Amino acid sequence: MSGWMRCWTGPPDQSFDNFVASRPNVPDKVRRTIYLQPLCDPADFEAVPFPQGPWPSWQALETAVREFYFPLGVVTLPAMAMDQLSPKPKSRKNSYGKQYHAGQVLDALMKQSLPRNAFCTPAVTMCDLYPREEWNFVYGLASLKQRLVFLLLSATSPKET
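Given the structure is predicted, the values throughout are model-derived calculations rather than measurements.

Draft legend 1. Here's a closer look at the pattern of salt bridges. Inspection of every chain in the model, using the stated rule, returns four salt bridges. The partner of glutamate 133 in a salt bridge is lysine 90, with the nearest N and O atoms 2.8 Å apart. Taken together, the residues span a long stretch of sequence, with glutamate 133 in the loop between strand 6 (128-130) and strand 7 (140-143) and lysine 90 in the loop between strand 2 (73-76) and strand 3 (91-94) at a distance of 43 residues. Judged by its relative accessible area of 39%, lysine 90 is partly exposed. In this structure, glutamate 133 and arginine 92 form a salt bridge, with 3.7 Å as the shortest nitrogen-oxygen distance. One end of the pair, glutamate 133, is in the loop between strand 6 and strand 7; the other, arginine 92, is in strand 3, and 41 residues separate them in sequence. What emerges from the salt-bridge pattern is a single network uniting Lys90, Arg92 and Glu133.

Written out as structure tokens, the structure reads:
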């Protein structure tokens, strides 16, 4: 067992052997590019970075992904507003503000075709998400076989005090 696994004190959610048996996605000769999909109003994406603007530095995020996943390529797709997704995901307003149904966003993203050379497409948003009516929020969802993950950044961004 490797060193990092010995540090885990709880029961494993999945053994390494079960992970390998699940035939996870791995880069190959064709699928060697990570396509980042910003989900926001395109004007938000062009604004100054957080905390003055609505988004953290996209350049910093793209650089971190490029460095961590080297030698895979990284490409940022054009920004797309949540309301441009088809079918349009359900949204609600509550004390947290406007939130989008995470499962419906993931379903809409899965209807878009991945580029042939895509290893995966992480879609990133600052919009709040919820997975069920009785839940307040969720940080993201993934469809690993479709090579798509949908992440919320606002809950991980530093807040002004």
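Draft legend 2. Quick peek at the packing of aromatic side chains. Here the structure, examined in full by the defined rule, presents four aromatic pairs. With 5.6 Å between their ring centres and 65 degrees between their planes, tryptophan 55 and tryptophan 58 make a pair best called edge-to-face. Comparing tryptophan 55 with tryptophan 58 shows no difference in burial state: the two are buried. Ring centres of phenylalanine 137 and tyrosine 139 lie 5.4 Å apart, and the angle between their planes is 85 degrees; on these two criteria the pair is classed as edge-to-face. By relative accessible area, phenylalanine 137 is classed as partly exposed at 39%. Note that arginine 92 overlies the ring of tyrosine 130, its terminal NZ or CZ placed 3.8 Å from the centroid.

Reading guide: rules and limits
Residues numbered from 1 in each chain as written. Predicted model: local features only at pLDDT ≥ 70, side-chain atom pairs only at ≥ 80, totals over all residues. Heavy atoms only, no water. Salt bridge = Lys/Arg side-chain N within 4 Å of Asp/Glu carboxyl O. Helix = DSSP H or I, 4+ residues; strand = E, 2+ residues; numbered from the N terminus. Buried < 20%, exposed > 50% of the residue type's maximum accessible area, 1.4 Å probe, protein only. Phe/Tyr/Trp six-rings, centres within 6.5 Å; stacked < 30°, edge-to-face > 60°. Lys NZ or Arg CZ within 6 Å of the ring centre and 35° of its normal.

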